[in-house]
Amino acid sequence: MTQAKPPVKRSAFDSQFDPAPSTTAAEERVSVATQWQLMWWRFRKHRLAMISGIVIAAFYLVAIGADFLAYADPHKTEAFRSLIAPQPIHFFDEGRFSPHVFGLVGKRDPRTFKRVYEPDPEQKIPLRLFAEGYEYKFLGLFKTNRHLIGVDGGLAEEAIFLLGTDQLGRDLWSRMMIACRLSLTIGLAGVTLSLVLGVLLGGISGLYGGAIDTLIQRVIEILRSIPTIPLWMGLAAAMPRDWGVVQVYFAITVILSLIGWTDLARVVRGRFLALREEDFVLAAELAGVSQMRIILRHMVPSFLSHIIAATTLALPNMIISETALSFLGLGLRPPAVSWGVLLQDAQNIQTVAISPWLLSAALPVIVVILAFNFLGDGLRDAADPYG
Amino acid sequence: MAGGMLCRPYNRPVKGEMYAMNCAPILSVNNLKTYFFTDEGAVRAVDGASFAVHPGKTLGIVGESGCGKSVTALSILRIVDDPGRIVEGEIMFRRADGGEPVDLAKLDAKGGEIRAIRGGEIALVFQEPMTSFSPHYTIGNQIVETIQLHQDVGKAEARTRTIELLRMVGIPRPERRIDEYPFELSGGLRQRVMIAMALSCNPRILIADEPTTALDVTTQAQILDLLREIQERTQMSVIIITHDMGVIAEMADDVIVMYLGRVVESGPVDEIFHRPQHPYTQALLRSIPSIFAEPRTKLPTIAGSIPHPHNRPAGCPFHPRCADFMPGKCDRHEPQLRPVSASQMASCFLYHEPAEAPQQS
Amino acid sequence: MKRADGGAPLLEVRNLQRFFPIRKGLLRRVVGQLRAVDDISFHINRGETLALVGESGCGKTTTARCILRALKPTAGEVLFQTGAGDVVDTAALPKRALQPFRHQMQMIFQDPFSSLNPRMTVFDIIAEPLLASGIKSRDQRRQRVENLLELVRLRPEFMQRYPHAFSGGQRQRIGIARALALNPSLVVADEPVSALDVSVQAQILNLMLDLQDELGLTYLFVAHDLSVVKHISDRVAVMYVGKIVEIAETNRLFKAPKHPYTEALLSAAPKPDPRLRSQRIVLQGEVADPAQPPAGCYFHPRCAHAIDRCRSETPKLEEIQPGHVVACHRAREITLKGVDAQANGKPSA
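Numbering of residues starts from 1 in every chain and runs along the sequence as written. Throughout, the order in which chains and ligands are written sets their labels, letters from A for the former and numbers from 1 for the latter. At least 70 in pLDDT is required for a residue's local features to be given in this predicted model, at least 80 for side-chain atom pairs to be given and counted, and no such filter applies to totals for whole chains, interfaces and linings, which use all residues. The side-chain values count all of the structure's non-hydrogen atoms but skip hydrogen atoms and water molecules.

K.L.:
Just to check I follow, could you spell out helix α11 (residues 279-287) of chain B for this structure?
P.N.:
Think of an α-helix as turning once every 3.6 residues; residues three or four places apart then point the same way. Counting buried positions over the nine residues of α11(B) gives eight, a clear majority of the element. Using a 1.4 Å probe on the protein chains alone, a residue whose accessible area is under 20% of its type maximum counts as buried, one over 50% counts as exposed, and one in between counts as partly exposed. Numbering of helices and strands runs from the N terminus; a helix is a DSSP stretch of H or I covering at least four residues, while a strand is a stretch of E covering at least two. All of the buried residues in α11(B) are B:Pro279, B:Tyr280, B:Thr281, B:Ala283, B:Leu284, B:Leu285, B:Arg286 and B:Ser287. Whether two residues are in contact is decided by their heavy atoms, any of which lying within 4.5 Å being enough. Check the buried side of α11(B) and you find it contacts α9 (245-251), β9 (254-259), β10 (262-268) and α10 (269-274) of chain B together with α6 (198-215) of chain C.

K.L.:
Looking at this structure, how should I read the pairing of strand β4 (residues 84-93) of chain B?
P.N.:
In the case of a regular strand, side chains alternate between the two sheet surfaces. Of the strand pairs in this sheet, strand β1 (residues 27-38) of chain B and β4(B) are connected by eight bridges, and their pairing is antiparallel. Looking at β4(B), one finds that B:Asn30 is bridged to B:Glu90. Any two strands are treated as partners once DSSP identifies two or more bridges connecting them.

K.L.:
I would appreciate a short explanation of the packing of helix α7 (residues 187-199) of chain B against helix α8 (residues 217-234) of chain B in the present structure.
P.N.:
Packed helix pairs are specified by the crossing angle of their axes together with the interaxial distance, meaning the distance between the axes. Residue and element names in this part refer to chain B. Each axis is a line fitted through C-alpha atoms, taken for helices only over the stretch in contact, and angles between the N-to-C directions span 0 to 180 degrees. Two numbers describe how α7 lies on α8: the axes approach to 10 Å, and their chain directions differ by 15°. Looking at the two axes, α7 sits roughly parallel to α8. Viewed along their axes, α7 and α8 form a crossing whose handedness is right-handed. Of α8, the residues touching α7 (which contributes Gly188, Gln191, Arg192, Ile195 and Leu199) are Thr219, Gln222, Ile223, Leu226, Leu227 and Ile230. Gly falls in the polar group here, along with every residue not listed as nonpolar (Ala, Val, Leu, Ile, Met, Phe, Trp, Tyr, Cys, Pro) or charged (Asp, Glu, Lys, Arg). Split into classes, the residues belonging to the contact of α7 with α8 amount to six nonpolar, four polar and one charged. Roughly parallel means an angle under 35 degrees; roughly antiparallel, over 145; roughly perpendicular, 65 to 115; everything else is oblique. Note on convention: near helix rotated counterclockwise from far helix by under a right angle means a left-handed crossing. Clockwise means right-handed.

K.L.:
For this particular structure, what's the right way to read the confidence of the model for chain B?
P.N.:
All names here are of chain B. Confidence scores per residue from the predictor, reported as pLDDT, run from 0 to 100. When pLDDT is averaged along chain B, the result is 85, and 91% of the positions lie at 70 or above. In the model, residues 1-22 has pLDDT below 50 throughout and makes 35 contacts with residues more than four positions away in sequence or in other chains. Overall fold confidence for the complex sits at a pTM of 0.82, while the interface term, ipTM, reaches 0.87.

K.L.:
Please clarify how the interface of chain B and chain C should be interpreted in this entry.
P.N.:
Reports of interface size often rely on the accessible area that becomes lost once the parts have come together. Chain B puts 53 residues into the contact, and the matching count from chain C is 59 residues. Two parts lose some accessible area (1.4 Å probe) when they are put together, and adding that loss for both gives the buried area. Here chain B and chain C share an interface that buries about 4800 Å² over both sides, 54% of which is from carbon and sulfur atoms. The largest contributions to the chain B side of the interface with chain C come from B:Ile291, B:Phe292 and B:Arg296, which together make up 22% of the buried area. Salt bridges are defined as contacts in which a side-chain nitrogen from Lys or Arg sits within 4 Å of a carboxyl oxygen from Asp or Glu. Applying the counting criterion to the chain B and chain C interface returns four salt bridges. B:Lys298 is the salt-bridge partner of C:Asp210, the closest N and O atoms lying 2.7 Å from each other. Between N or O atoms, a polar contact is any pair within 3.5 Å; within protein, one atom must be a potential hydrogen donor and the other a potential acceptor, and residues adjacent in sequence are included only when both atoms are from side chains. Run the count over chain B and chain C and you get 28 residue pairs in polar contact (both at pLDDT 80 or more). At the level of elements, α8, α9, α10 and α11 of chain B are the ones that each hand at least two residues to the side of chain B that touches chain C. In terms of residue count, the dominant contributor to the side of chain B that touches chain C is α8(B) (eight residues). Residues that form the side of chain B that touches chain C fall into these classes: 24 nonpolar, 16 polar and 13 charged.

K.L.:
I tried to follow the side chain of C:Lys271 on my own but got confused; where do I start?
P.N.:
Locating C:Lys271 in the fold gives a position in the loop between α9 (260-268) and α10 (308-312). No salt bridge is formed by the buried C:Lys271; its nearest oppositely charged neighbour, B:Glu250, is found at 6.4 Å. A polar contact of 2.5 Å, which involves the side chain of C:Lys271, links it to the backbone oxygen of C:Ala269. Charged residues are defined narrowly, with Lys and Arg counted positive, Asp and Glu counted negative, and His plus the chain ends left uncounted.

K.L.:
What is the right way to read the packing of aromatic side chains from this model?
P.N.:
Aromatic rings considered in pairs are described by the distance between their centres and by the relative angle of their planes. Note on aromatic pairs: the rings of Phe, Tyr and Trp (six-membered ring only in Trp) are paired at centre separations within 6.5 Å, and the planes decide the class, stacked below 30 degrees, edge-to-face beyond 60, tilted for the rest. Scanning the model with the defined rule gives 15 aromatic pairs over all chains in all. Considering the side-chain rings of B:Tyr259 and B:Phe318, the 5.2 Å spacing of their centres and the 85° angle between planes classify their relative orientation as edge-to-face. Placement of B:Tyr259 in strand β9 and of B:Phe318 in the loop between α11 and β11 (338-339) is noted, with a sequence separation of 59 residues between them. In this structure, B:Tyr259 and B:Phe318 share a single accessibility class: buried. On the numbers, 4.4 Å between centres and 50° between planes, the contact of C:Tyr240 with C:Tyr261 is tilted. Of this pair, C:Tyr240 sits in strand β9 (residues 235-240) while C:Tyr261 sits in helix α9, and the two are 21 residues apart along the sequence. Following the ring pairs from residue to residue traces out a cluster consisting of A:Phe91, A:Phe92 and A:Phe97. Sitting above the plane of the C:Phe158 ring, C:Arg161 keeps its charged end 4.4 Å from the centroid. Here, a charge over a ring is recorded when the distance from Lys NZ or Arg CZ to the ring centre is within 6 Å and its angle to the ring normal is within 35 degrees.

Structure representation (structure tokens):
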């Protein structure tokens, strides 16, 4: 064998093995880190998303403990307490820590004949933690009548009005707590069903291609051309009469999820098509790895994180559609209590001008939607730690 | 273009000839340091690069991935992306008006002066011609716009000039091609259009960053020919940045070799290829597969791989892979770029002794 | 350097074709055929390296994938000699029947980043073919992976790491270890060094040469870089627009090319020596469009030697000397320059 080039000087490092650069413990940790660890490290740096995650967790905790956090029966009307303004809590009484609210005295305005409420500083109503109030079933498990706050002796709904009351004299704070539960959960089933359908049909479409793919794609196109609001109205009218409002709404979200899976299906199909072309998938195929294992081991983990991110971004949609449809009177209707239903009271400009606190249900909607979006953005950024 | 005329047209290196010592450089970079400040710490992408570009000459910057050759180009044009920053050094550029040289490193990166220089006096040709065009406009639109941005001409005149330029870069039927969209062109034609766009304002320096890497060999030969022909005609200076020693051998008058952000060797092209001084240059040249080799011969290799910029070795960055590694010297002190012959410089302790104090860090 | 044992070739490709339909319009009607691989034939002997060379779009990668049956050929035969000694036509077999032969042909990929699943450890990546071939015991697999890592000169203790901890060259070694896991006889390497840094290319080329000697491998080496090809291959096949234009022993092809396209390729290859400047033949024009190739010889619009016959009649591959086949009407008349004619003195480095 003739060597065209002069022999090389052997360096001290030219051993049998590729020299390993000296690695510190931290690098060693990174080199054996799994996908999920890398994602978590990356997500952690996204401060806004972290905070949003905590906010959302807090909202769902509220949803679970809504009855406990409420202090007044959200359905009990009382004409004498109509449109009371929010009432501040006073924490100190002559330098001593003793949270209390002032009693209210109802008067009629001699000129407008409207009923107005004025605090009476003489009448101090002390607040109590874990006080007794109306009876409810905690998590549907056991009956209790303990609430986070209340007043000694009398009924809380006669004394505390943290966010004021509506026209029918129902306490807004308590209604918002209960609304949170319905608004945050009513769409979950629909989103879950969309998710399952999207992944399944998108996966089949991307994986098998050919005629099945064409069929699914055409179905998607037809479904996407159906206008949602008229369909919604039609479905609402077609539901059995004897169903409650919540049942009807739930049924509609489930039916609509049969249309709503298309976006996710397209994403999943796209990922499958791209992954099918990946070299590591071909390598597995050439090694004789079974189709099932290729899908489960190579393909699904590559886009699982994307699906989580996509779902996080789909959830606020569900909340905002509930709010919007209920506000328009197409979704939930009283006696159901949701953020959208609460906002229905604020539909007329006169009410809003006189009692602006009726708009307070918009605040949690805004906060939770923003939080979901930030969280989704953070997840999406962290979803591909190898990018 | 008075600067270019001072020097005799000169393209082929002739052995033994002195290199344009009588010509002041049009661009001189001194101790340029561009760092990227990431979450994991500062990455020293360019760490003390110095070189000069002479009028009408081609400077080749050669190096492997992570050597900082592209960041050097971006630094000259002041288009380094966040979190990158020029932290030290000067980039002296003699403008066309013949005044005192300006330090590009000190200019406001968004200011009027650098914008006039960028695209007007210093133009850039990228590696990937597809991504450097907007897909929504015809190539003609994009070149006309560039011309009008830097020169005070009417639309009709700019269009005529564009057609001329396209013809000059060897695009067949330029009157028709001018109204085509970038995706309608092949890779080679797109690179020609890219060059036409770069030439549209008669730049005095053309920076070509891996101009042929995405192309096939026969197309590469065409583009390199084109670049040289245009240079002969316009007497502009060219900085060609590549990882391919073959392209350097083909194009450059002077060469700087970079490794992990540092210039390890510089000199005239013939010296670099036939009398390399730095162990990295020597090893790199030996390890390149050659078309003249006997079939099935093993190549001399450089051990190991290029370290990640975050794990830059202390001292001379090449020492863990170097055949001439001197313990206690190379791993403790940073060598400086010093003359090793009349025309050549190398940054290696084989040729100079380390300064007294060992480097901190 | 002759390692062919004179018996039947390990792989013989006969009249292989692979067309891709070109679809247009709303109904995705087929309006034409892209002739990616258009009737090519060649063979590879046991233990040798055949390089398949050409520019992008010439069909070399498609050919490689057809041989591995990652793509189904449109027509033609791919005759593969199995370990048991019988010859199967893998182009004709249904995908399922291919399974027993799959492990005898493996592939090394171009891109060391996309060819390793970033979500699996090195052990899982290399052990996957073992698992698929039915080695159930984890200890056995671990042992084999350790051996394979040593074979490609990587430290076995890196097994638990993920690909993101490795450099391009190291990843390519991992890819090679995976390809060798099942003791293949044929390894198809698709541009295995073109994505690597120059200083790392040589390591991988040397490793491939060593492995061939140690394990008696046969390589089909797909590449565009002629200098890389010169180092590794015994014979070279040059492709242009879906057709093979020339096959010869490496030294012959480089020293005395018989096809004008080969000559141009050799001439255009950048040479790391400034003293060899401007001795290049620069081809005019562009590579022909495989969807609408010109009549006659596909190369004639760019060929300096073209005559009328080249414009109308497609040249056939002809053996002009033993082991040297060319598809050119004028192969016997014209004299072409090889690389030695260009290098008036070898580089002195």
